[in-house]
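A look at the structure
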Amino acid sequence: MADTSDNSDNSAAGSSPPALDVLRNAGAQFRELTGLGAEAVTRFERREDGWLLEVEILELARIPDTMSLMASYEVTTDREGTITGYRRVRRYERGRADQR
């Protein structure tokens, strides 16, 4: 008799991986591509062709920590969560607020 437990297959046509899987996979890919790890995700948006993420990265650690250089990167993925592109959109010192 077949197993009737709820083990849904995310690879079925038209489905996409859960949001947390996309975040984990994109984070690992970004780290592998750049050598930089995300400190925070500040934007996570589903798009028709995939996902759009904005992540905060520590680019250069300094002492005191408030002088460390941070960057905000925009990362795009396909529907499965594979990175299709990224770009740095902002660079700033950790202790500085936006001028907006």
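A short tour of the structure in this document, coming up.

Calculation criteria
- Residues numbered from 1 in each chain as written.
- Predicted model: local features only at pLDDT ≥ 70, side-chain atom pairs only at ≥ 80, totals over all residues.
- Heavy atoms only, no water.
- 1 Å grid on protein atoms, 1.4 Å probe; cavity = no way out; pocket = protein on both sides within 12 Å on 5 of 7 lines; lining within 4 Å.
- Points joined across faces, edges and corners; volume = space filled by probe spheres on them.
- Helix = DSSP H or I, 4+ residues; strand = E, 2+ residues; numbered from the N terminus.
- Nonpolar A, V, L, I, M, F, W, Y, C, P; charged D, E, K, R; others polar.
- Salt bridge = Lys/Arg side-chain N within 4 Å of Asp/Glu carboxyl O.
- Buried < 20%, exposed > 50% of the residue type's maximum accessible area, 1.4 Å probe, protein only.
- Core = buried A, V, L, I, M, F, W, Y, C linked by side-chain atoms within 4.5 Å.
- Contact = heavy atoms within 4.5 Å.
- Pairing = 2+ DSSP bridges.
- Polar contact = N/O pair within 3.5 Å; in protein donor to acceptor, adjacent residues only side chain to side chain.

**A closer look at the layout of surface pockets**
What the largest pocket holds in volume is close to 160 Å³. Along the wall of the largest pocket there are 15 residues; nearest its centre are Leu-23, Ala-26, Gly-27, Ala-38 and Val-55. The element best represented in the lining of the largest pocket is helix H1 (residues 19–34), accounting for seven residues. Within the lining of the largest pocket, the residues separate by chemical class into eleven nonpolar, two polar and two charged.

**Here's the deal with the pattern of salt bridges**
Tallying each qualifying case throughout the model produces nine salt bridges. In this structure, the salt-bridge partner of Arg-88 is Glu-59, at a minimum N-O distance of 3.0 Å. Of this pair, Arg-88 sits in strand S4 (residues 83–93) while Glu-59 sits in strand S2 (residues 50–60), and the two are 29 residues apart along the sequence. For Glu-59, a relative accessible area of 19% translates into the label buried. One salt bridge connects Arg-91 with Glu-59, and the closest N-O pair in it is separated by 2.7 Å. Placement of Arg-91 in strand S4 and of Glu-59 in strand S2 is noted, with a sequence separation of 32 residues between them. Each member of the salt-bridge network shares a partner with another, and the members are Glu-39, Asp-65 and Arg-94.

**Focus: the nonpolar core**
Formed by Val-22, Ala-26, Phe-30, Leu-36, Trp-51, Leu-53, Val-55, Ile-57, Ala-71, Tyr-73, Val-75 and Ile-83, the largest nonpolar core amounts to twelve residues. Breaking this core down by element, the ones donating at least two residues are H1, S2 and strand S3 (69–77). Here this core takes four residues from S2, the largest share from any one element. Apart from residues no more than four positions distant in its own chain, Phe-30 is found in contact with Gly-35, Leu-36, Ile-57, Tyr-73, Val-75, Ile-83 and Tyr-86.

**What to know about the pairing of S4**
As paired strands, S3 and S4 are joined by nine bridges and run antiparallel to one another. Bridge pairing links Thr-76 to Gly-85 in S4. Taken together, S3 and the strand that follows it, S4, pair antiparallel across an intervening segment of five residues, in which Gly-81 is found at a positive phi of about 100°.

**With respect to unusual backbone geometry**
Look at the link from Ile-63 to Pro-64: it is a cis peptide, with omega at 0°. Its location among the elements puts Pro-64 in the loop between S2 and S3.

**Considering the side chain of Glu-93**
Following the sequence through the fold, Glu-93 ends up in strand S4. With a relative accessible area of 19%, Glu-93 lands in the buried category. Side chain to side chain, Glu-93 and Arg-96 meet in a polar contact 2.7 Å long. If we skip the residues at most four places from it in the chain, Glu-93 touches Arg-62, Thr-66, Met-67, Ser-68 and Leu-69.

Honestly, that's just the spatial picture; any functional story needs more than this.
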